[in-house]
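These are the residues of each chain, in order.
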Amino acid sequence: MTVYYIDSVNGLDINDGSSVVGPWKTMANLYSRITARAVYQGDKVFFKRGGVYYGRLSARVAVNGAFGALFPGSPVQSPKLIIGAYGDGNAPRPILTGYKEANVAASWTQYAPNVWKIDLSQAAAAVTGESTFDNTNVGHLNINGVTKWFRTVDRPSVATDASGNWAFWSEAQAPGTAASDTNLYVQATANPTTLASSIEICVDGVGIYGSSNMSISGIEVRGYGMNGYNTTGADKVDIIDCMFNKIGGSVLTISNGTRAGNGVQVYGSGSDHTINYNEFQDCYDVAYSCQGPTMTGWANIEFAYNKVWNSNQAIEFWSTVNGGAPTGFVNVKVHHNEFYNSGFSGSNQTRFEAQSSAQLYYDMNTPTDIEIYDNLFVFAAASYLFSRRSSNTVFTPPPGVNSHDNTIVMAPGTLMSYQRTETIETAAAWAAALGWEQNSHFLVLPQNVLTATASQQIELLQAFLMAQAGVVTRMALSNGSGVRKAMATAQKALRISEAIGANGMNQGPLYSGGWYFPETSAVTNMAGAGNTGSMRLLPFTAPAAGRIIKLSYWVNVAGDAGSVVEPVIYRREGKYFLLHFDAGQQDAATVGLHTITIAGFNVYEGQELFVGMNVLAPSGVTNLPSMRAATGRTSSRVPVADSTANLNFAFGNLFNGISLTLGTAAPPSFMQAVGVTTQVPIVGMLAA
């Protein structure tokens, strides 16, 4: 196992890449090494946060449009190729992008009145940015950060299109063939560089060609003309805490000009996939899709805790039998996601169709076991559901798809499904007629939300949902740094009462003024020396819903002046730890009990939390503090950083891109490599 680092600013491809002081620089270098199998399963590749990396990350080789697996399915014990991020946790995710940059005025020439062209071929050297692949099948333009999707049907001789500046045309060549015309033609009233400071051109391609045994986390995938991530037949795949942004628009079918673009696509088959805690924005077609003819199927797929904005469809499932007796969809779960503005993607500017819906199904003639629950769906352009089966004659949801306990929020008059007349106002009758969406809540958006600006809408929507009695949903609102804040609903509002069991343990709702503690440890003190790169966490299961407003900790032996500690609380979501609360740096230079008032955080009944304390060593501090812990059961060891000196606790990140599987008999090798200690602190938590 080797760890590799890539830094787009300070790296060099002649480095060996195995340390943060000698990182590689480019995606092209990584692509060639994976192709040569110099980087393989069991290795880790970390991109430095804040960097921009042009090209494609592929674990497969493309030959005339066919993809051969480099990392084929293998026994469950096989290690994964891990793709993640390193560096300052407050810096943006590293960006993997396929954009070509066209910001040099001399590279543009006037083709006709109000029409300008630029040569995209490598030979012309007129564009910078992504230069690995020769391709002219343009999917969209990114102009000063605004996506432009309008593609004309042919080269414009005189630009008269009503869409205004930035309508475009380019030749859409088939994979493996050369274009006869390598120019991009753009409608513009002057040289495009005088109209925009940033012109980015997205061409056909996939950001990440996935394969079996891969884990991808903490990455932004942006500006690819076909899919952000695509795989066929891959097993054991994790995609965690990534962002798929501005994806698609390139021509898929040359004969009729059909365009495509999905955030994450699993084509043909796949198993044991976890796609959690990601963000999707501006996907031409679908944020997440399992699709295609199959001889096998899809099994053990989880799509959860994701946030989707402005895709033509939020989720898509379709399949047809391609020989044999496929198992179809087995144990597919879609839950606790937020889906906003389905059908309002950029593709809606160029095509409005019945498929502009939140859920999309068609041609489903394989066995199906899909469950969709506890999601929030807000806005849909055409309808909430599009389902079309049996050669366009059946429009009910496919048997085996169970969608229930969702919160569905639509504008007045929005249809509930294709080829039916019920709207959001009569959704209860629709649900009864189809036997679908049992225990779901149907809400009509009020006028103040509909007319608000984009920046105001989320706050008004939050207030609207909070006011709905009996509505159960989790909204995880994100700010620019990726901080996720759990929003309680009216039904789950804090209940204040006292309930002490016969054994002295707190039971029922958290009661006002009650102190709550994690489970205890056999370790009494947490020594500071050697402890600044790792920590241990003690488990705590919330006995009820409530809010924590104070934390306490005990300094047994004071550190030098300036010594600080950082109380942190992680939550367990499935098989992953995510930071739930960070109290920031606190005094550790004074012996005794320290109690701090915090902004507070919510817990829900049964929520699994893990409480810890990180000892930091600022410059000039020699003697580190010791923290007191209780005695009792020993908890699991957990690393904070992986082979780097950076200690960061960015909300929503997974230990610098490393996902932890709970319940392992022994800690993975990367835990041992960072010198995990056996010391465990204890933190008291005071309920409001």
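Residues numbered from 1 in each chain as written. Predicted model: local features only at pLDDT ≥ 70, side-chain atom pairs only at ≥ 80, totals over all residues. Heavy atoms only, no water.

## What to know about helix H4 (residues 427-434)
Thought 1: Every buried residue of H4 is listed here: Ala427, Trp430, Ala431 and Leu434. Along the axis of H4, the buried residues cluster in a sector spanning 95 degrees; they form a single face. Among the exposed residues of H4, those pointing more than 90 degrees away from its buried face are Ala428, Ala432 and Ala433.
Thought 2: At the exit of H4 stands glycine 435, carrying a positive phi of roughly 65 degrees. (Buried < 20%, exposed > 50% of the residue type's maximum accessible area, 1.4 Å probe, protein only. Helix = DSSP H or I, 4+ residues; strand = E, 2+ residues; numbered from the N terminus. Arc of directions from axis to C-beta.)

## As for the pattern of salt bridges
Thought 1: Taken as a whole and assessed by the stated rule, the structure comprises nine salt bridges.
Thought 2: With its nearest N and O atoms 2.9 Å apart, the salt bridge here joins arginine 222 to glutamate 220.
Thought 3: For arginine 222, a relative accessible area of 22% gives the class partly exposed.
Thought 4: Its relative accessible area of 8% is what places glutamate 220 among the buried residues.
Thought 5: For the salt bridge of aspartate 282 with lysine 246, the shortest nitrogen-to-oxygen distance reads 3.8 Å. Of this pair, aspartate 282 sits in strand E26 (residues 279-294) while lysine 246 is found in strand E22 (residues 243-247), placing the two residues 36 residues apart along the sequence. Like aspartate 282, the residue lysine 246 is buried in the burial classification.
Thought 6: A single salt-bridge network, built from bridges that share partners, covers Arg93, Asp241 and Glu279. (Salt bridge = Lys/Arg side-chain N within 4 Å of Asp/Glu carboxyl O.)

## Describing unusual backbone geometry
Thought 1: The backbone phi angle of asparagine 114 is positive, close to 65 degrees, even though this residue is not glycine.
Thought 2: When you line up the elements, asparagine 114 lands in the loop between strand E10 (109-112) and strand E11 (115-119).
Thought 3: Within the chain, aspartate 405 stands out as a residue other than glycine whose phi angle is a positive 55 degrees.
Thought 4: By secondary structure assignment, the location of aspartate 405 is in the loop between strand E35 (401-404) and strand E36 (407-410).

## Quick look at the pairing of E10
Thought 1: As paired elements, E10 and E11 share three bridges and run antiparallel to each other. If you follow threonine 109 over to E11, its bridge partner there is lysine 117.
Thought 2: Between E10 and E11, which follow one another and run antiparallel, lie two residues, and asparagine 114 among them has a positive phi close to 65 degrees. (Pairing = 2+ DSSP bridges.)

## Observations regarding the packing of aromatic side chains
Thought 1: Following the criterion strictly, the structure yields 26 aromatic pairs and no others.
Thought 2: With a centroid separation of 4.3 Å and an interplanar angle of 15 degrees, the aromatic rings of tryptophan 309 and tyrosine 340 are classed as stacked. With tryptophan 309 in strand E28 (residues 307-321) and tyrosine 340 in strand E30 (residues 338-342), this pair connects stretches of sequence that are 31 residues apart.
Thought 3: Under the relative-accessibility criterion, tyrosine 340 is labelled buried at 2%. (Phe/Tyr/Trp six-rings, centres within 6.5 Å; stacked < 30°, edge-to-face > 60°.)

## Observations regarding the sheet that holds strand E14 (residues 146-148)
Thought 1: One open sheet holds the five strands; their spatial order is E12-E9-E17-E13-E14, and the pairing between them is antiparallel. With one partner strand each, in any of the chains shown, strand E12 (128-129) and E14 form the two edges of the open sheet.
Thought 2: Alignment of strand E9 (residues 99-101) against E12, held across two bridges, turns out to be antiparallel. In the strand pairing of E12, glutamate 101 is matched with threonine 128.

## Considering the nonpolar core
Thought 1: Within the largest apolar cluster, 70 residues are counted, with the highest numbers of intra-cluster contacts made by Phe47, Leu57, Phe317 and Tyr384.
Thought 2: Judged by nonpolar contacts, the second largest core, of 19 residues, contains Leu184, Ala188, Ile199 and Ile201. (Core = buried A, V, L, I, M, F, W, Y, C linked by side-chain atoms within 4.5 Å.)

## Re the confidence of the model for the chain
Thought 1: Residue-level pLDDT values for the chain average 75, and 71% of them are 70 or greater.
Thought 2: Of the regions scoring below 50 in pLDDT, residues 72-76 engages in eleven contacts with residues more than four places distant in sequence or in other chains.
Thought 3: Within the model, pLDDT remains below 50 along residues 522-534, and this stretch shows 56 contacts once partners closer than five positions in the same chain are excluded. (pLDDT = per-residue confidence, 0-100. Contact = heavy atoms within 4.5 Å.)

## Some details on the sheet that holds E11
Sheet strands pair via backbone hydrogen bonds, and the direction of the pair is either parallel or antiparallel.
Thought 1: Spatially, four strands are ordered E10-E11-E16-E15 in an open sheet, and the strand pairing comes out antiparallel. Whereas interior strands pair on both sides, the edge strands pair on one side only; in this sheet they are E10 and strand E15 (168-170). Between one strand and the next, the sheet's axes are offset by a mean angle of 30 degrees, whatever the strand orientation.
Thought 2: Where E11 and strand E16 (residues 183-187) come together, five bridges link them in antiparallel fashion. Bridge pairing in E16 places tryptophan 116 opposite valine 186. (Axes fitted to C-alpha atoms, helices over the stretch in contact; angles between N-to-C directions.)

## Side note on the pairing of strand E33 (residues 376-380)
Thought 1: Of all the five residues making up E33, five are buried; the element is thus mostly covered by neighbouring parts of the structure.
Thought 2: Where E30 lies against E33, four bridges are found, and the strand directions are parallel. Paired with tyrosine 340 across the bridge in E33 is valine 378.
Thought 3: Pairing of E33 with E36 involves three bridges; the strand directions are parallel. Looking across to E36, one finds that leucine 376 is bridged to threonine 407.

## Digging into the side chain of glutamine 291
Thought 1: Relative to the elements of secondary structure, glutamine 291 occurs in strand E26.
Thought 2: Relative accessible area serves as the criterion here: at 9%, glutamine 291 is assigned to the buried category.
Thought 3: Separated by 2.9 Å, the side chains of glutamine 291 and serine 289 make a polar contact.
Thought 4: A polar contact of 3.3 Å, which involves the side chain of glutamine 291, links it to the side chain of glutamate 316.
Thought 5: Residues in contact with glutamine 291, not counting those within four places in the same chain, are Asn262, Gln265, Val266, Tyr267, Gly268, Trp298, Glu316 and Trp318. (Polar contact = N/O pair within 3.5 Å; in protein donor to acceptor, adjacent residues only side chain to side chain.)

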